[in-house]
Amino acid sequence: MSAPLLEVRDLQVRLAGRGGATLHALRGIDLRLDRGECLALIGESGSGKTLTALAVMGLLPEGARATGRIALDGRDLLTLDEDAWCGLRGRRVAMVFQEPLTALNPLQRVLAQVMEPIRLHRLAPDRATARQRALTLLARVGLEERQACAYPHQLSGGQRQRALIAMALAAEPELLIADEPTTALDARLRVQVLELLRELVAERGMGLLLISHDLALTARRVDRLLILYGGRVMEQGAAADLLAHPRHPYTQALWAARPRLGAGRDQPLHPLKGNVPALTQLGDGCPFAPRCPLATARCAAEPPGFDGRLACWEASP
Ligand SMILES: Nc1ncnc2c1ncn2[C@@H]1O[C@H](COP(=O)(O)OP(=O)(O)OP(=O)(O)O)[C@@H](O)[C@H]1O
Ligand code: SF4
Ligand SMILES: [Mg+2]
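Remember, it's a predicted structure, so these values are computed and weren't measured experimentally.

Caption draft 1: Molecular detail of the overall build of the protein. A tally of helices and strands in the protein yields 12 helices and 10 strands. Computed over its C-alpha atoms, the radius of gyration of the protein comes to 20 Å, within 12% of the 20 Å expected for a compact globule of 317 residues. Expressed as lengths along the three principal axes of its C-alpha atoms, the size of the protein is roughly 65 × 50 × 45 Å. When burial is assessed residue by residue, the protein has 38% of its 317 residues classed as buried. Contacts spanning at least 24 positions in sequence make up 63% of the contacts within the protein whose residues lie at least 6 apart.

Caption draft 2: Fine view of the site of ligand 2. Around ligand 2 lies a shell of 13 residues, among which C286, C292, C299, C312 and E314 are the nearest. In terms of residue class, the shell around ligand 2 is made up of 12 nonpolar, no polar and 1 charged.

Caption draft 3: Representation of the pairing of strand β4 (residues 65-72). In this sheet, β4 lies alongside strand β1 (residues 6-16) in antiparallel orientation, the contact comprising 7 bridges. Note that in β4 the partner of R9 across the bridge is R69. Bridge count between β4 and strand β5 (residues 75-76): 2 bridges; the pairing is antiparallel. Bridge pairing in β5 places A71 opposite D76.

Caption draft 4: Just the site of ligand 1, in detail. Near ligand 1 lie 15 residues; those nearest to it are S45, K49, T50, L51 and P61. Breaking the shell around ligand 1 down by element, the ones donating at least two residues are β2 (22-33) and α1 (49-57). A breakdown of the residues in the shell around ligand 1 according to their chemical character gives 7 nonpolar, 7 polar and 1 charged.

Caption draft 5: Just the environment of E314, in detail. Take E314: it is sitting in the segment after α12 (297-301). For E314, a count of 15 C-beta atoms within 10 Å puts it in the partly exposed group. Taking the C-alpha atoms as reference points, E314 and A295, separated by 19 residues in sequence, lie 7.7 Å from one another. Not counting residues within four places of it along the chain, the set of residues in contact with E314 comprises L294 and T296.

Caption draft 6: How the structure looks around unusual backbone geometry. Positioned with a positive phi, D73 is a non-glycine residue whose angle comes to about 55°. With respect to the helices, strands and loops of the structure, D73 is situated in the loop between β4 and β5. At E172, a position not held by glycine, the phi torsion is positive, near 55°. Mapped onto the elements of the fold, E172 is located in the loop between α7 (157-169) and β7 (175-179).

Caption draft 7: The arrangement of the domain arrangement of the protein in detail. Split into domains, the protein comes out as domain 1 (1-92 + 174-189 + 205-259 + 269-316) and domain 2 (103-172). Using C-alpha coordinates to define each centre, domain 1 is positioned 30 Å away from domain 2. Contact with domain 1, which involves 7 residues of that partner, is made by 7 residues of domain 2.

Caption draft 8: Representation of the sheet that holds strand β3 (residues 38-42). If you trace the 6 strands from one edge of the open sheet to the other, you get β6-β7-β8-β3-β9-β10, paired in mixed fashion. The two strands at the open ends of the sheet, each matched to only one other strand, are β6 (93-96) and β10 (232-238). Ignoring strand direction, the axes of neighbouring strands in this sheet form an average angle of 15°. Bridging between β7 and strand β8 (residues 207-212) involves 5 bridges; their strand directions are parallel. Bridged to L175 within β8 is G207.

Cut-offs used in this document
- Residues numbered from 1 in each chain as written.
- Chains lettered and ligands numbered in written order.
- Predicted model: local features only at pLDDT ≥ 70, side-chain atom pairs only at ≥ 80, totals over all residues.
- Helix = DSSP H or I, 4+ residues; strand = E, 2+ residues; numbered from the N terminus.
- Rg over C-alpha atoms; globule rule 2.2 N^0.38 Å.
- Buried ≥ 20, exposed ≤ 12 C-beta atoms within 10 Å, placed from the backbone.
- Contact = placed C-beta atoms within 7 Å.
- Near = placed C-beta within 6 Å.
- Nonpolar A, V, L, I, M, F, W, Y, C, P; charged D, E, K, R; others polar.
- Pairing = 2+ DSSP bridges.
- Domains from an automatic or database assignment.
- Axes fitted to C-alpha atoms, helices over the stretch in contact; angles between N-to-C directions.

Structural data, given as structure tokens:
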């Protein structure tokens with residue numbers, strides 16, 4: 001059997017905190033992503049989604065220490081030096097960052113920014129070909145030549161997000177990571193951008209790691225879901241199965257909290273109570289224990305292992 005495009009095993013990340021303290025931010029992330037597949041990392045703010053993505057990109061903050069295994073096509077990324085990373089980052093693995101405005105250079109036209117990776121990685125023989133490729137790519141994500149020749153501040157939020165996607169795709173990566181690519185957009189544009197990403201995955205056969213806090217918006221547009229909480233995987237599975245039978249109390253709570261179109265007054269919302277604990281407040285047990293209706297003394301004392309589908313002591317089979 002060939003190696004998966006991306007395989008992460010027992011990824012642990014420790015960050016440098018104030019006064020020399022160590023913050024144990026990721027506590028054992030396991031995931032697998034194949035070519036042509038969309039996997040969504042879902043969780044509330046602070047659950048560890050971006051740190052997981054940054055670890056895969058080799059872009060963890062200074063002083064961070066990562067252990068475990070991150071393999072791209074069977075090649076271990078945690079052992080790479082910066083030179084090796086330069087050949088991979090932006091080329092084989094690309095990322096659409098959380099903030100479209102800060103991720104684009106305000107002083108450069110969008111077209112020039114999309115041409116840059118093509119030129120940098122020598123994917124076109126000359127400037128004119130690189131320009132044509134960039135224009136074709138921008139047209140593919142829905143931007144006309146006039147918009148391609150604009151500066152970022154002259155575009156709408158949705159257009160900037162499309163420009164960022166084109167930039168990330170310019171070097172034809174095998175793995176695309178999109179970190180909350182729709183948060184700055186209105187509801188209609190959110191759906192459009194997610195549909196566009198899905199189409200691009202199908203066309204190019206790349207793998208997509210999509211990060212979102214919005215289970216309802218994302219779930220029906222990806223193949224698999226990985227639910228994170230407190231730097232751990234709570235549950236993972238095929239999106240359709242997981243929505244039909246969410247087993248983990250956290251997945252159930254996220255799903256119950258979704259806004260429902262057409263819900264009448266007699267169908268109350270069930271917002272998730274409490275907040276994701278700060279890293280300094282995470283104990284040794286299950287991170288969801290303080291908010292979990294099924295929690296027992298064992299839950300707070302001992303973290304449940306992740307069996308490939310679920311991490312919970314009490315969830316019913
Ligand atoms: N550089 C850092 N220094 C200290 N703590 C950090 C740093 N980066 C992230 N953290 C902490 O690590 C945890 C996970 O952060 P992460 O950015 O991965 O969350 P997230 O799931 O992406 O959240 P959001 O939805 O808000 O983007 C949080 O508790 C966060 O405060
Ligand atoms: S391990 Fe315990 S606290 Fe954690 S989700 Fe399961 S029942 Fe709830
Ligand atoms: Mg984030």
